[in-house]
Structure formats: structure tokens, C-alpha cells
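Coordinates in review
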Protein chains: 6
Amino acid sequence: MTGKSSPRSIVVLSAHSGDFVWRAGGAIAHAAETGAEVRVICLSFGERGESQGLWADPDMTLETVKIARRKEASEAADILGAHIEFLDLGDYPLNVTSSAFDEIVDHLRRAEPDLLLTHVANDPYNRDHNLAHETLLRARMVAQAQGHKTDAPPIGAPQILMFEPHQPEMCGFVPNLLLDITGVFDRKQRAMQCMSAQQHLVDYYTDLAQRRGVQAVRNGGARSIRYAEAHQRVFPVVSEELI
Amino acid sequence: MTGKSSPRSIVVLSAHSGDFVWRAGGAIAHAAETGAEVRVICLSFGERGESQGLWADPDMTLETVKIARRKEASEAADILGAHIEFLDLGDYPLNVTSSAFDEIVDHLRRAEPDLLLTHVANDPYNRDHNLAHETLLRARMVAQAQGHKTDAPPIGAPQILMFEPHQPEMCGFVPNLLLDITGVFDRKQRAMQCMSAQQHLVDYYTDLAQRRGVQAVRNGGARSIRYAEAHQRVFPVVSEELI
Amino acid sequence: MTGKSSPRSIVVLSAHSGDFVWRAGGAIAHAAETGAEVRVICLSFGERGESQGLWADPDMTLETVKIARRKEASEAADILGAHIEFLDLGDYPLNVTSSAFDEIVDHLRRAEPDLLLTHVANDPYNRDHNLAHETLLRARMVAQAQGHKTDAPPIGAPQILMFEPHQPEMCGFVPNLLLDITGVFDRKQRAMQCMSAQQHLVDYYTDLAQRRGVQAVRNGGARSIRYAEAHQRVFPVVSEELI
Amino acid sequence: MTGKSSPRSIVVLSAHSGDFVWRAGGAIAHAAETGAEVRVICLSFGERGESQGLWADPDMTLETVKIARRKEASEAADILGAHIEFLDLGDYPLNVTSSAFDEIVDHLRRAEPDLLLTHVANDPYNRDHNLAHETLLRARMVAQAQGHKTDAPPIGAPQILMFEPHQPEMCGFVPNLLLDITGVFDRKQRAMQCMSAQQHLVDYYTDLAQRRGVQAVRNGGARSIRYAEAHQRVFPVVSEELI
Amino acid sequence: MTGKSSPRSIVVLSAHSGDFVWRAGGAIAHAAETGAEVRVICLSFGERGESQGLWADPDMTLETVKIARRKEASEAADILGAHIEFLDLGDYPLNVTSSAFDEIVDHLRRAEPDLLLTHVANDPYNRDHNLAHETLLRARMVAQAQGHKTDAPPIGAPQILMFEPHQPEMCGFVPNLLLDITGVFDRKQRAMQCMSAQQHLVDYYTDLAQRRGVQAVRNGGARSIRYAEAHQRVFPVVSEELI
Amino acid sequence: MTGKSSPRSIVVLSAHSGDFVWRAGGAIAHAAETGAEVRVICLSFGERGESQGLWADPDMTLETVKIARRKEASEAADILGAHIEFLDLGDYPLNVTSSAFDEIVDHLRRAEPDLLLTHVANDPYNRDHNLAHETLLRARMVAQAQGHKTDAPPIGAPQILMFEPHQPEMCGFVPNLLLDITGVFDRKQRAMQCMSAQQHLVDYYTDLAQRRGVQAVRNGGARSIRYAEAHQRVFPVVSEELI
């Protein structure tokens, strides 16, 4: 059986604790509904660069932001049906230490994923995103190595989906998957509403999902599609199906 | 239901009468086995540029080559399970006249395809291939137009697969679909053996199918894959599946 | 004085009679307000491929569609403050004859433009757009030639703006100009409302203008920007200004 | 008001102490003349890799080279009208430490820049240049973060200009700004003459400025332009002007 | 023996009658000196678009320009050591008719070239250049076809060199050959001086040859190189040599 | 004399101890036969990620793998005619420390190479390869610096060849050199047979050499070519020869 089957185990590498909700919430909820184990790894809380709503309070501290962001992201993950883990590596700039890298490799080994999700390779506005991308490609490689000995065995060759960046045309993002998320969009919406530090993005990503839904229909998808997410696969799909 | 279903109607636009066999024979046979109607349109017989085996005979004439090539391609199409039509537009260089273009549009309208196959956009070695690509993109556009009135109604938005060119790395070909053709490879092989004017290519494309099969397994496909074909989709896939 | 002055004469080459409204209406209205002569050349009426609203009537004829489209586009041009001319070259596919090409060159010569607007070079969904792009690049070249003798003298080296295609990320569109159209957006909206054959696009392009407006502010524009249009310049800007 | 106003505060990140003179001296002098505060940060003195003229003396030491280079660059900055600061991070290879990175962020915060200048992203001949580019993109991101607390407030979203590398065609450099520096070229020339360690470059960059000036006129600039500098903007321009 | 031997027969396809002198004069003279037969085919005289010096005379006619341009180009070819032929297909825009195309194929067949030279594929300033490029790729393909019957036999697979366009960075030109033309530069200079209609280019191309010469030395060439021409090969080089 | 002479000194930077054999064994043997000194630097043994054959033994340890891999690679280098050195920096992920980097620079200085070989810049499957590429570009730059003082003098500007990655079309690899290795292929084959940990690759790379050989003939190489290797040069070639 080739890649056409539903994924059973997914790991999502999110630079900041909100990214997985906005950009991949539909994919996560969809996979969870079809029985996949989804594990989200947040490299940071986005505590410095992506928590405007919280910093509006002049008495806010970094620790309080982190606590709030952890709570929000945990709730969102729960709604989407995913496990979540926080590595607390700092943001703006993100710093992936050698031990954190090893931890990510261990995660991949234990999860035995058949699908990975992360950011694009080159976002001129946000270099933390790029580092998350590079980290996942390197961690995937190490987790595959026969001679890297851990309790869990080497992983196979899971596909990587890059989710849509905020300014796709500035990042060389050319989607090759428009994922129908109509059936789980209410979940994504509820998950987005958890993110109180970035409330201005809820409408934005609802509109985007509608636009990508219209695009999906125009590109040959079923008329019933109302919401979609755009993703770009890094590797070729292996399939028994032509379409 | 989204694009994950098997295609029901496929049109293949082949610059020369051998191209569809070498480059897309597996895709065609696979689709035919799963119940699709597959229609191959050969723009030319490849009579001047791709019939070395026949021209080795010093008494050969253009008409005789065309007859032989038509016979070979028809037999190959039959084995693959496809209908075939020949527009006889000349090769090296191919010349798509205005009336031939209209005929191609009519074909698309009548076929109501949910998938199209053709060549890449930019092959420095073979400009006939590029013209076939451009012709298909234009014909698809016209066949979609509400105000282009024919007996058959406007078509939807079928995906286009570009099949693998002879020198992929010189043509900007980056496959995003490795199609498992293990189950139909014997058919492709028999179809290839019909092409007496280009016998030297049978081994080449058998080896290529094996290499693409190995690549498919390495990219996460089932261990049972032995033969594959590489294709590149022009438009994003619309899907309910993540992998 | 360098390019920073406002343009005095603009020519817009529009493949179909609606394109200039949806994609460049803001640029046109803005230029007209600041005193520029703007001339729109519609290569076709988009009568076959871009008049869904009209073809919904089963008794519709091609001539009636053309009349309606001419009327709509003329009204829209009037609201935007532009002259308009229709070459009626057919659409889906567009066919730029040799005499039509000469006529376009004559237009450029008479207009003495310091700015040109047209479509992108490579839209996989719409090859008429590509042909308009190529036609303008060629016509600009001929209009510059010292030895091409007409009553009007050779033109200079006007910049070309490519306006935003419907699926920018599929067309290699990377905007390098976000034009503030806040002050003229009511005009663009009224012009869009003239286009009865494509009413479904009014909301789409209103939303797009808002999103590009938000992007403009995020990219350093004034907080007062509410609506913007994205364009991509073909040639480098010549300027006395760094920003 | 949009980006068309003159910049008021500019930060230039120069990998070596000569780069800002050769590649951006015109832009700096022009901005200074129109009232901008320009701050140059030299990551290194280019003491090892870009001081051939000094190393011709067999008794030369690293410290003496640094002193000479500091003096030259300070004089050049003075002529151009810019402040200058030296971080002394070493060259060939440049090493941007974590504390140096923080210092650059602090600089950006204090300067409140509306424009940044630096090197291209990918120069196969000189990887120090690439590191300067990456450093600026990351530092800009951190300086924007609401939760990065310093005395100075977060910065906005300043444009980044990449100045012309030595072999533009090998670095993917496609200029989208030809800056008229005719009025300040004497200043740039005097600044270049300070750089005694690289005297062979004065003629080269004078010729280049003339060629770019000719190109500016050919691309529609005023006939009076005699000298220009080529730059490439990273982000789209936000503007009220079409040209 | 592989490609390292000197070419014996070269065909140059020049859109206008001056292009081969400015952009490939050194390559032609060098090849001629080492014994190659070089044949230049001028598709047009550049009579309308590239003869400013002649059109300065208000009484000039198209026929007189053509006569002058033919004379100049013939003299230049003579100095360079090349045969020359004029197809007189018109310029701005160039129009390659079907019969002219056949004639070009015949030329290739008779010349049995082991090297071809022409323009780049995509020059936004000059679409005649692009058409020459496309024409040569197509003609090469036809001349190779076994079934295209002429007195001369099919050609092999000659390399194509694209010579340097006027604005290389705007045309995606990335040179992979810096040809040492020091030994024949006096010839190129004399040939350039024949082109009275474009005298302003002599200095430009002398300077360019010097700059490319400096670049050649910096890229590992012999210190004795003073003049070079930049070219870009379309196909991979086949060689027994690594450097 | 320009680059057409045979190289006299070559340095190969290999991420893992097998890469130089599979991907560049022909180039190395060819250069050694023509009298060049070839020095291979293995950054790691590929002990964890590229030694499947050895890890099949459940009692295998990292140290034993390293010893076996060192022995194999040394024998292979010996057969190819090259010196070899092992830096033992670890693999999956490779870690190039600051002192290891200095050692590589010293190697380059001592070798005075006129040619360098290494991996491509961007392989999505194997980030160790990318790091080797980046390391070589940086080390070349430092080794050129006048002010980097070592016993050996600064090097010139040696060309860099990137050898063919496993999935060329996924890595943006576009070969511009097809090296005829027919005369030394038996050596490459014997060297490959030393690599017992990766025996499955011997057939693969034999087939690849044949395919590249066929491609070489089709691209104009001598009919006698039976085996070739594809390489991509980073910098333009400086040459007195056109082909």
C-alpha cells in the first residue's frame, strides 16, 4: 500500500506556540479525526515576538506571557486533538541548542511519524521560521540513521509538508496541496479563538481558509469544499493514484 | 468527494507517436485498469525525428514511416487500454494549425476529462515537446470557456501531469508524483516492445522505471513497489488526504 | 528629474475587457486624479471566457455579449478617468494579428507613455494573459525604434507594471510595489460594480485590496492606508529616492 | 504619508570596513544630504581579506592593519556624512557572536531606522557578505518584537536595500532600484580615495557608477543622470506613486 | 576525442547585423584563427531598431540603411575571419517565416557545425533576441532529424553558446565560460569600428572586455589575460578535462 | 595559459567517507592518472548514517564501524590514486568545529589546489552534504586572504566542482560538465568494491556512469565514451577554447 492511506502518526514542528494553530490547525484536526496521533512540538512560546495582545499590558513579564501562551496553545491543541510539548528555546531569535536538537530527534524516533509539518525554508520577515525548517530537515536525517542508537528504531522517510507562511509570494511558497478542511473548520476556529494574544488573526485566517476553499473548487475539487489550507510538499508523493 | 478518487476520463497529448508509451505508459495502463477512459492524441507520428529504426532502410519514405508508426502506436495504445487518434501535424518542427487546435479543444470537450497528461514546458533539446505543452494549456482554457459553444458543455478544471522528459535535470523537471506502476508494468513493457523504430529505448525506460521504483520506496512508498513513473503536476492537488 | 514625478501618460494593455478594472483599477484612478492621461486598450471583450453572468441566459449570443461587455467596460473606464479602445481580437484564445500589433505600436507612439501596465508573463490558468504580456514587450520595443517611421516620434523607455494575477503564487508573481489606493478606492469600487458579467469578483477584489492594504502598513507604509494594489515592475526603478 | 518621503534614519550593516564605501557610498551621501541620520556598523575591518594594499608591506601586523582601516573608514564615513561604529568581530571568516548580535539589535532600536542597507544573501565568492545579510534580517526581526524589552521601543518595518555585489550575475542580484547619485558623486569619489588598502577599486567603482548611470537613462531616467548605484529591495515598496 | 578539441565549424545566429560583432566578435576571431570555418547568419540588418547613427540623417531611407548595414557587417565579418549571410527578415519586430526557417536548417546541415552561437532566451528589452534563440533551438532539432531529407546529412549535437546580453542581470544570464580573447582583441576592435551606425558601443564593449578579462584572472585564469568575453552554454560540456 | 591545462593539485571535501568514491571516483582517478596530486578530506566516516551494511551486525559498535570505514575508504583512495585524511567530526549531524575549520583552511593552503570538489548546496535529504558545501566555500575564502598568515601562502581562485547528488532533480543540480571517465572506470569500480558497508550502491553507480556516458555521446562527445560522471561548476570556466 502506498502513501494514499491516511497518516497514523504526525509530528508538527512549530517555531512559536501559535504557528501550528493558524497555519496547520485544519490539517491537524483532520488527521486527528481520521485516527492519527498528532504531536506538536513548540520550539518557543513566541513570547517576545508574537504576543502583542499580552504585551499591551504594561506590567506584563516574560514569565507571565509564557504561562499564558502555554495555556492557550495547550487548549488549542486539545481542541484540535493533538498532544503538545514545549521546548522553551526562546524566540526572536529562536536558539536551537545541541541538546534541544537531540530531544527533537528522540521525539521523531518515538513517534515513528509518517508525516511531518513545519515552516517554509526562506521567509524574509521571520528567520525563526527558517530555523525551524532547517531543524526539522536535519532531525529527520538523524532519526533515519541506522547508527544513531536509541531505544526507538530508525524512522522511515516521512513526507514533510510546509504550511502557508503569512506572505506566501515573498517566501517562494508554491502550494501543491489544497487540503479540504471543511469538515473540521469549526474545530480550527475554536482553536484559533484560544489564542488571545493574537486575536487579530482569527478573521484573517478564516478569510484565508475561505479563499483557499474557493481556489480548491476552481482547481477541480468538489463543489462542497468551503474551507481549505494550502501546503507545499518537500518530497515527491508516492502514490497509486494519478490525481 | 475531492480529487482522491480515481480519474474516470483522461486525455494524453503526445507530441510524437511514441512519447505517450515511453513516458506515460504506466500511468495510462494503471488508469485504464481502474476503469478510466483514456484517450491519446498524437500530434504527429514523430516520422522525421523519432523513427531512427525505420530510416535505417535507405528506401524508406515518409509515408511508409507514418504507416508503420501509426500501426505501432495503435498496438501500444491497445495494450495499454487506451483509445488513440492521430492529427498528423508534422514533426521536427511540429506545426499546430488553427484548425488542429480547434479539434483538440473539441476532443477535450467530448472527453470531459478529469486528468490531462503532456510534456514539460521547456526542453532545450526538443521544442516540439514545448509546443505540445503550450497547446494543452491553451486548449484546456478554451474548453473551459462558457461562451465557447459546442455540443459538449464546458469542461471543469482538470489537473495536468507533465511526464518525465529524457533529461529531467536540463528541463527544470522536479517530480512531485512517483506513481506506483508495479502492477501494470508488464503491460507497459509489452507496449514498449511495439515501438520497433525506437527499440533502443526499451531497456532505458525499463531501467528508469526500476530507479524511480527504488526512489519511491526511499521516499516512503510501500516496500512492494518495483516500478514507478515520475510526473510533475502543474496545479495544486485538491485533497482530503495529507500524505 | 528622475522617475519620482507622477506619470503623465499611461497605456494599459488588457487581455479581456474586465482585467483592467479588477487588477489595475486603483492604479488607473490614482493616476487619472493626479493628472495623467490613461488609455486602456482591450485586446478582446473576454466575451467567451470571462462573461459567465451573461452566458447564464440561454439565448445569449456572442454579439450581444460583446455589446454588453463594451458598455460595461466603457462605463468603468469613464468612472476611473481613462480613455478606452477595443481591438476585438477574440478571446479564449486571444489572437493578436499582425495588423493589430501594428495598431498597438501606433497607440504607444501617439500616447508617448511614461508608464505601461499589463499582465504577468506566465499564468498557467490563462494563456491569453501571457500573450498580452508578450505583445506589450514587443510593441514597446518597436515603438522605440528610430527606423520605425510614423507621424509620432519614437517613445522613450517607459516602465512596465505587471498587475496581480488571480493566483499570484502559481504565476511567479512577487510584488515590488504596493500602491496606496485608499484615496481612490470608492472609484474602483464603482467601476467594479459596472462589470455585471462578473459580479462575483467585486467582493473578492475588495477583500484583496484590504489585505494588500494591511500588508502595505506592515511593510512600513502609513497607518492611514486601507486599500492597496500589488504590482510587479519589469525594469529597475530610476530614482533620486532611496525608499 | 507613504514611503515616498525621504528616509530620516538609516543603518548600514557592512561586513568589512570598506564595503559601505564602494557599494553604498552614493546612497549614504545622498541620504545624508537630504537630512537623514546615517549610521554605519562595520562588523569587521576586513583586516585579513580586504587589505591587500597594506599587507604588501612585509612587516605589517594585524593590529596595524586594523588601525589603518579604522582610520580610513572613519574618514570616508565623515566625508559621506555618516556616523560609524566598529564591532571588530574578525573577518575571513566573520564571526557574529551572540553578544555582538544583541549589540546590533540595540543599535537598530536606538536608530529607529526607516531604511537598512546590507549585502546580498548568496555570494559564492564571499561568505562573510552572506552572514552580514542574515544577521541584518534576524536583527530587524528581533528589534521589532514587542516583548524584547530595551529602553528604546520596537522598530517599525524598515525596507532593506541590498547593494551591488562585485559579480552581480553570480549572486542572483537583479537590481530594482537605480539610484541617481550624480549630485553626490564627488563625495563618493573622495570617500573612495580614503581607502588606501584597496586603491585599485576606485577606478572600478567610478566606471561602474557611470555604467549604471547610462543604464538609468536608458531605463527612463532623466538625461542629466551621470552616475548611479544599483540596489535591490528585499520587501515591496509601499508608495503613492506608480513610477 | 571529446569536446576539448577546437571547433572546426561554427554557425552564429545574429538577430541584427551588429549583434555578432559586439557580443561574439572575440569568439569568432579566436575560432577563425585556430582554423575553424565560421558562418554568421544575420536574420535582419537591425535596420529599424539598431542603426541610430544612420537615422540621424533626416533623408535616410530603409533601403539605404540596409545597404550601409550590409556593408559594415560584411567588412566586420571579413576582419573577424567569418563568412556572412543576410536573410533580411525585418527587425523590430523580427519575423522568421516558415521558408526562412527552412533555409536556416539547410545552413546548419551544410555547415555540419560543432558549435552554435546565439542570444539568450529571455531579454525583456529586446524580443527579437529571444526569437533568434528559439529559432536556433528549433532549427538545431530539425537539422538533427534522420527523416528530414536534404543533400547534406543530419548534424550531430553541437553545443550552443549564448553570448552576453546588454543587461545580463535583467536576462538571467549567468556566464559559465569566460573566453580569453586577448590574442584577437585587436581584430575585434577593428571589426567594431566598422559599425558606424553604433559607434557609441565601441568604448562600451572595449571596457566590458577588460572587465571580463579582470574577472577571468580573478577566477583562476592566467595573469596574461587582458580581454575576455562572457558566454553561457546551454548544454553540459563533455570533456576529458576537469577544469 | 588558461584553465585548459590539467589540474596539478586537487582537494576533495567529502562529508562522509564514502561520498568521494561514489560521486567523484572517476574524476579523482582521471586527475591522478594525468599527474595531479589529489587529497581527499573526509569530514566524518559516515559511521552513523551511511554504514548500513555494518550495522546489520547487532554487536556492532561505533568505534568498530569507524575503523572499518577508515580502512575501506583508505583502500579506495589508494586505488584511485589519492591521499586521504579523516577529520572524524561526527555525522548525522556533521559538526564542523572552529578548529576543524582552521585545519581545513590549512589543508587548502598547503595543497595550493587548482581545483576543489564537494557536494551541492541544497540537498533536502541530507543536510551534512550542505554543510560540507558551505564549509568549502568559506574555507576557500579564508585560504585566499592575504592577511591570514600561515607558513603556506594564500591560494589563488580554484574552481569548485559539485559532484552529482543522489537525487539530482530534487537538489537543483544542473550538470555543466560530463566528464569522460571511460579510461579509468575499472579503477572507480575497484574502489567502489572496497565499500563493503554500502555494497548496494556499486550497481547503482555503475549504471549511472553508463547513463551519463550515453548522455555525453548524445551531447556531442566522442562515440568512444562509455562511462561518465556529471558535475556542476560553481564559477565560470576561464578558457581559450570555445567548446
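Residues numbered from 1 in each chain as written. Chains lettered and ligands numbered in written order. Predicted model: local features only at pLDDT ≥ 70, side-chain atom pairs only at ≥ 80, totals over all residues. Heavy atoms only, no water.

Mapping chain C onto chain E calls for a rotation angle of 120° and an axial translation of 0.0 Å; the resulting RMSD is 0.0 Å. Given the turn and translation reported, the copies of this chain are related as if by a three-fold rotation axis. Rotation axis and chain C: the residue whose C-alpha lies nearest the axis is C:Asn122, separated from it by 7.3 Å. (Least-squares fit on C-alpha atoms with pLDDT ≥ 70 in both.)

Our focus in this paragraph is the packing of helix α3 (residues 62-80) of chain F against helix α6 (residues 185-193) of chain F. Residues and elements named next belong to chain F. The contact between α3 and α6 brings their axes to 8 Å, and the two run at 170°. Between α3 and α6, the interaxial angle falls into the category roughly antiparallel. Counted together, Ala76, Ile79 and Leu80 of α3 and Arg187, Lys188, Arg190 and Ala191 of α6 form the full contact between these two elements. The residue makeup of the contact of α3 with α6, split by class, is 4 nonpolar, no polar and 3 charged. (Axes fitted to C-alpha atoms, helices over the stretch in contact; angles between N-to-C directions. Helix = DSSP H or I, 4+ residues; strand = E, 2+ residues; numbered from the N terminus. Parallel < 35°, antiparallel > 145°, perpendicular 65-115°, else oblique. Contact = heavy atoms within 4.5 Å. Nonpolar A, V, L, I, M, F, W, Y, C, P; charged D, E, K, R; others polar.)

For the structure shown, the criterion picks out 30 aromatic pairs over all chains. Measuring from centroid to centroid gives 3.9 Å for B:Phe185 and B:Tyr227, while their planes differ by 10°, and the two rings are stacked. Residue B:Phe185 is found in helix α6 (residues 185-193), and its partner B:Tyr227 is found in the loop between α7 (200-218) and β7 (228-233); the two are separated by 42 residues along the sequence. There is no split in this pair, since B:Phe185 and B:Tyr227 are both buried. One aromatic cluster is present, built from ring pairs that chain together A:Trp22, A:Tyr204 and A:Tyr205. One Lys or Arg, C:Arg138, reaches over the ring of C:Phe101 and ends 4.8 Å from the middle of that ring. (Phe/Tyr/Trp six-rings, centres within 6.5 Å; stacked < 30°, edge-to-face > 60°. Buried < 20%, exposed > 50% of the residue type's maximum accessible area, 1.4 Å probe, protein only. Lys NZ or Arg CZ within 6 Å of the ring centre and 35° of its normal.)

Taken together, the contact pairs 15 residues of chain C with 15 residues of chain E. Contact between chain C and chain E buries roughly 1,300 Å² in total, counting both sides, with carbon and sulfur atoms accounting for 68%. When the buried surface of chain C facing chain E is broken down by residue, C:Met141, C:Gln146 and C:Gly147 rank first, second and third, together holding 36% of it. Linking chain C with chain E are 1 salt bridge, by the criterion used here. (Buried area = accessible area lost by both parts, 1.4 Å probe. Salt bridge = Lys/Arg side-chain N within 4 Å of Asp/Glu carboxyl O.)

Let us now look at the arrangement of the chains. Left apart from each other, chain A and chain E have a closest C-alpha approach of 17 Å. Spatially, chain C is disjoint from chain F: no contact exists, and the shortest C-alpha separation is 17 Å.

Now for unusual backbone geometry. For the bond from C:Tyr92 to C:Pro93, the omega torsion is 5°, close enough to zero to count as cis. Positive phi, normally seen in glycine, also occurs at B:Tyr92, with a value near 45°. Positionally, B:Tyr92 belongs in the loop between β3 (83-86) and α4 (98-111). Under the relative-accessibility criterion, B:Tyr92 is labelled buried at 8%.

Residue and element names in this part refer to chain D. Position of Ser14 among the secondary structure elements: in strand β1 (residues 9-14). Looking at Ser14, its side chain comes within polar contact range of the main-chain oxygen of His16, at 2.6 Å. With residues near it in sequence (within four places) discarded, Ser14 still touches Asp19, Phe20, Val40, Ile41, Cys42, Leu43, Ser44 and His119. (Polar contact = N/O pair within 3.5 Å; in protein donor to acceptor, adjacent residues only side chain to side chain.)

This part is about the sheet that holds strand β7 (residues 228-233) of chain D. One open sheet holds the 8 strands; their spatial order is β8(C)-β6(D)-β7(D)-β5(D)-β4(D)-β1(D)-β2(D)-β3(D), and the pairing between them is mixed. Edge strands, defined here as strands with exactly one partner in the open sheet, are β8 (237-239) of chain C together with β3 (83-86) of chain D. Neighbouring strand axes in the sheet, compared pairwise and without regard to direction, differ in orientation by 25° on average. Here strand β6 (residues 177-180) of chain D pairs with β7(D) via 4 bridges, running antiparallel. What sits directly across from D:Leu179, in β7(D), is D:Glu229. The strands touched by helix α4 (residues 98-111) of chain D within the sheet are β1, β2 (37-42), β3 and β4 (115-118) of chain D, with β1(D) carrying the most contacts at an inclination of about 160°. (Pairing = 2+ DSSP bridges.)

If you look at the interface, chain C gives 40 residues, while chain D gives 40 residues. Together chain C and chain D conceal approximately 3,500 Å² of surface at their shared face, both sides included; 59% is due to carbon and sulfur atoms. Counting every contact that joins chain C to chain D gives 0 salt bridges. For the side of chain C that touches chain D, the elements supplying multiple residues, two or more each, are α1 (19-33), β6 (177-180), α7 (200-218) and β8 of chain C. Classifying every residue of the side of chain C that touches chain D by side-chain character gives 21 nonpolar, 12 polar and 7 charged. One ladder, built from 3 bridges, connects β8(C) with β6(D); its direction is parallel. Each residue of the ladder has a partner; that of C:Val238, found in β6(D), is D:Leu178.

Before going further, it helps to spend a moment on a negative patch on the surface. A surface patch of like charges, here negative, comprises A:Asp203, A:Asp207, C:Asp203 and C:Asp207. Counting only elements with at least two residues in the negative patch, the list comes to α7 (200-218) of chain A together with α7 of chain C. Counting through the fold element by element, A:Asp203 comes out in helix α7. (Patch = residues over 30% accessible without salt bridge, like charges linked within 9 Å, V, L, I, M, F, W, Y side chains within 5 Å. Areas by Shrake-Rupley, 256 points an atom, 1.4 Å probe, with all protein chains shown as cover. Lys, Arg positive; Asp, Glu negative; His and termini not counted. Charge placed at Lys NZ, Arg CZ, Asp CG, Glu CD.)

This part covers the confidence of the model for chain A. Low-confidence regions, as indicated by low pLDDT, have predicted coordinates that should not be scrutinised in detail. Here chain A averages 95 in pLDDT, while 98% of its residues score no lower than 70. Interface scoring of the predicted complex returns ipTM 0.94; its pTM is 0.95. (pLDDT = per-residue confidence, 0-100.)

Let us now look at the state of the cysteines. The final tally for this structure, using the stated rule, is 0 disulfides over all chains. E:Cys194 carries a free sulfur, and the closest cysteine sulfur to it, the one in E:Cys42, is 13 Å from it. Given the relative accessible area of 14%, E:Cys194 is considered buried. In this structure F:Cys171 is not part of a disulfide, and its nearest cysteine sulfur, from B:Cys171, lies 17 Å away. (Disulfide = S-S within 2.5 Å.)

With that out of the way, let us pick up the environment of B:Glu112. All names here are of chain B. Relative to the helices and strands, Glu112 resides in the loop between α4 and β4 (115-118). Look at Glu112 and you get exposed, because its relative accessible area is 51%. The sequence separation of Glu112 and Val11 amounts to 101 residues, and the corresponding C-alpha distance is 9.0 Å. In contact with Glu112, not counting residues within four places along its chain, are Ser9 and Ile155.

Attention now goes to the pattern of salt bridges. Going through the model one piece at a time under the given rule, you end up with 72 salt bridges over all chains. Note that A:Lys66 and A:Asp88 form a salt bridge whose closest N and O atoms lie 3.0 Å from each other. Of this pair, A:Lys66 sits in helix α3 (residues 62-80) while A:Asp88 is found in the loop between β3 (83-86) and α4 (98-111), placing the two residues 22 residues apart along the sequence. Residue classification places A:Lys66 among the buried residues on the basis of a relative accessible area of 13%. The salt bridge partner of B:Arg8 is B:Asp114, with a shortest N-O separation of 3.1 Å. Taken together, the residues B:Arg8 in the segment before β1 (9-14) and B:Asp114 in the loop between α4 and β4 connect sequence positions 106 residues apart. Shared partners join several salt bridges into a network, and the residues in it are A:Glu63, A:Lys66 and A:Asp88.

A sheet is described by the order of its strands in space; here 8 strands give the open sequence β3(A)-β2(A)-β1(A)-β4(A)-β5(A)-β7(A)-β6(A)-β8(B), paired in mixed fashion. Every other strand in the sheet has two partners, leaving β3 of chain A together with β8 (237-239) of chain B as the edge strands with one partner each. In this sheet, adjacent strand axes meet at a mean angle of 25° when their direction is disregarded. Set on the sheet, helix α1 (residues 19-33) of chain A makes contact with β1 (9-14), β2 (37-42), β3, β4 (115-118), β5 (159-163), β6 (177-180) and β7 (228-233) of chain A; between it and β7(A) the angle comes to about 95°. On top of the sheet, helix α5 (residues 127-144) of chain A reaches β1, β4 and β5 of chain A; it is set at about 160° to β4(A), its chief contact.

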